[in-house]
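# Coordinates in review
Below, each chain spelled out in residue letters.
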Amino acid sequence: MEAPPVTVMPVTGGTINMMEYLLQGSVLDQALDSLLHRLRGLCDNMEPESFADHELVYLLKGQQGNPFMLRARRSLAHPTAPWHLRYLGQPEVGDKSRHALVRNCVDVAASHSLPDFLNEMGFRMDHEFVAKGHVFRKGALKVVVSKVSRVLVPGNTDNIEPLSLSYLVELSVLAPAGQDTVSEDMRSFAEQLKPLVHLEKIDPKRV
C-alpha cells in the first residue's frame, strides 16, 4: 500500500480534540541553513527545539469505506517520555476563504504498551518512519522543519534511509473550532518565508 502523506509533528505535550490549521512545503537540503537563519530572526525562540521521533501508522480495516487510521509516535531522544496517540480527521479544503488546510486533531499521551494495545484492538501497522528536525514557535504558530526517513528493517530505527533530498516544512496552529482568523496570521507568516520556501494548503487526497 502506498503511504499517505505524512505530517511530522514532534512529541510535545498532548491536546484534546482541537482543530489543526496547516500549511506545508519543502526546502532542498542545501537551502536548509538559509531557512533556519530566517526562522531564527522571525520566531520567539532563536535556538529551536530539536527532536527525533519514530512514528508508526496503524490501520483498522472495516467492511466498507476507507480504513480508520491512528498514529503512534515516540521520542527517540527521550525514550522514557510517554508515547503519543494521534487521530487526524478528514481535511476541510473546500472553503476558499481559509488560507490553510483545516482538520480535526485528537492527541493524547499513552503508555509504552500502546503498540500492543492497538494490535489487540485489531489495528495493523501499515508503515513507519523516523522524523528528525527542529521546532520554532512564534506565539501560537509552530514551524516544524524535519527530515523524514523510511525504516529499512521493521522496528530498527538505526537502519533508516532519507525519503528525499529535501526537508519537510510545516506551519501549524492548534485552535478550537471556528477560529478561522488564525489562517490569516499563518498566510502572513508564510509570506515572510518566501522565496526560501513556499507553504501551501495541500489536499492529501491529491498528493
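Everything here concerns the structure above.
Residues numbered from 1 in each chain as written. Predicted model: local features only at pLDDT ≥ 70, side-chain atom pairs only at ≥ 80, totals over all residues. Heavy atoms only, no water.

Each helix and strand counted, the chain has 3 helices and 9 strands in total. For the chain, the N- to C-terminal ordering of α and β elements is β-α-β-β-β-β-α-β-β-β-β-α. Out of the 207 residues belonging to the chain, those deemed buried represent 44%. Across the chain, the fraction of contacts at a sequence separation of at least 24, relative to all contacts at a separation of at least 6, is 70%. Of the roughly 11000 Å² of accessible surface on the chain, a fraction of 53% belongs to carbon and sulfur atoms. (Helix = DSSP H or I, 4+ residues; strand = E, 2+ residues; numbered from the N terminus. Buried < 20%, exposed > 50% of the residue type's maximum accessible area, 1.4 Å probe, protein only. Contact = heavy atoms within 4.5 Å. Areas by Shrake-Rupley, 256 points an atom, 1.4 Å probe, with all protein chains shown as cover.)

On to helix α1 (residues 32–42), then. The α-helix winds at 3.6 residues per turn, so residues separated by three or four positions along the chain end up facing the same way. Among all positions in α1, only Leu32, Leu35, Leu36, Leu39 and Leu42 are buried. Across the axial projection of α1, the buried residues extend over an arc of 125 degrees, all falling on one side. Residues of α1 that are exposed and point more than 90 degrees away from the buried face comprise Asp33, His37 and Gly41. (Arc of directions from axis to C-beta.)

Attention now moves to the pairing of strand β6 (residues 124–138). Across 11 bridges, the pairing between strand β2 (residues 49–60) and β6 is antiparallel. Bridging from a neighbouring strand, Phe51 pairs with Gly133 of β6. Taken together, β6 and the strand that follows it, strand β7 (residues 141–151), pair antiparallel across an intervening segment of 2 residues, in which Gly139 is found at a positive phi of about 60 degrees. (Pairing = 2+ DSSP bridges.)

The next point concerns the environment of Arg73. Structurally, Arg73 can be placed in strand β3 (residues 68–75). Once the C-alpha coordinates of Arg73 and Phe129 are considered, the two residues, 56 residues apart in sequence, prove to be 9.7 Å apart. At a separation of 3.1 Å, a polar atom in the side chain of Arg73 contacts the side chain of Asp53. (Polar contact = N/O pair within 3.5 Å; in protein donor to acceptor, adjacent residues only side chain to side chain.)

This part takes up the nonpolar core. Ranked by size, the top nonpolar core spans 28 residues in total, and within it Tyr21, Leu39, Leu171 and Phe189 carry the most contacts. For this core, the secondary structure elements donating two or more residues are β1 (15–28), α1, β7, β9 (166–175) and α3 (182–191). Of all hydrophobic cores here, the second largest spans 9 residues; its members include Tyr58, Leu85, Leu114 and Phe123. (Core = buried A, V, L, I, M, F, W, Y, C linked by side-chain atoms within 4.5 Å.)

The next subject is the pattern of salt bridges. Tallied over the full model, the rule gives 12 salt bridges. Ionic pairing is found between Glu55 and Arg71, a salt bridge with its closest N-O pair at 2.7 Å. Of the two residues, Glu55 is situated in strand β2 and Arg71 in strand β3; the sequence distance between them amounts to 16 residues. Exposure class is identical for Glu55 and Arg71. Each is buried. A network of salt bridges, in which partner residues are shared, links Glu20, Arg86, Arg103 and Asp107. (Salt bridge = Lys/Arg side-chain N within 4 Å of Asp/Glu carboxyl O.)

All told, the structure shown has 2 aromatic pairs when counted by the stated rule. A ring pair is formed by Phe68 and Tyr87, whose centres lie 5.4 Å apart and whose planes are at 15 degrees; its orientation type is stacked. One end of the pair, Phe68, is in strand β3; the other, Tyr87, is in strand β4 (residues 83–88), and 19 residues separate them in sequence. An aromatic cluster is present here, built from Phe68, Tyr87 and Phe123 joined pairwise through their rings. Positioned over the ring face of Tyr167 is Lys147, at 4.7 Å from the centre of the ring. (Phe/Tyr/Trp six-rings, centres within 6.5 Å; stacked < 30°, edge-to-face > 60°. Lys NZ or Arg CZ within 6 Å of the ring centre and 35° of its normal.)

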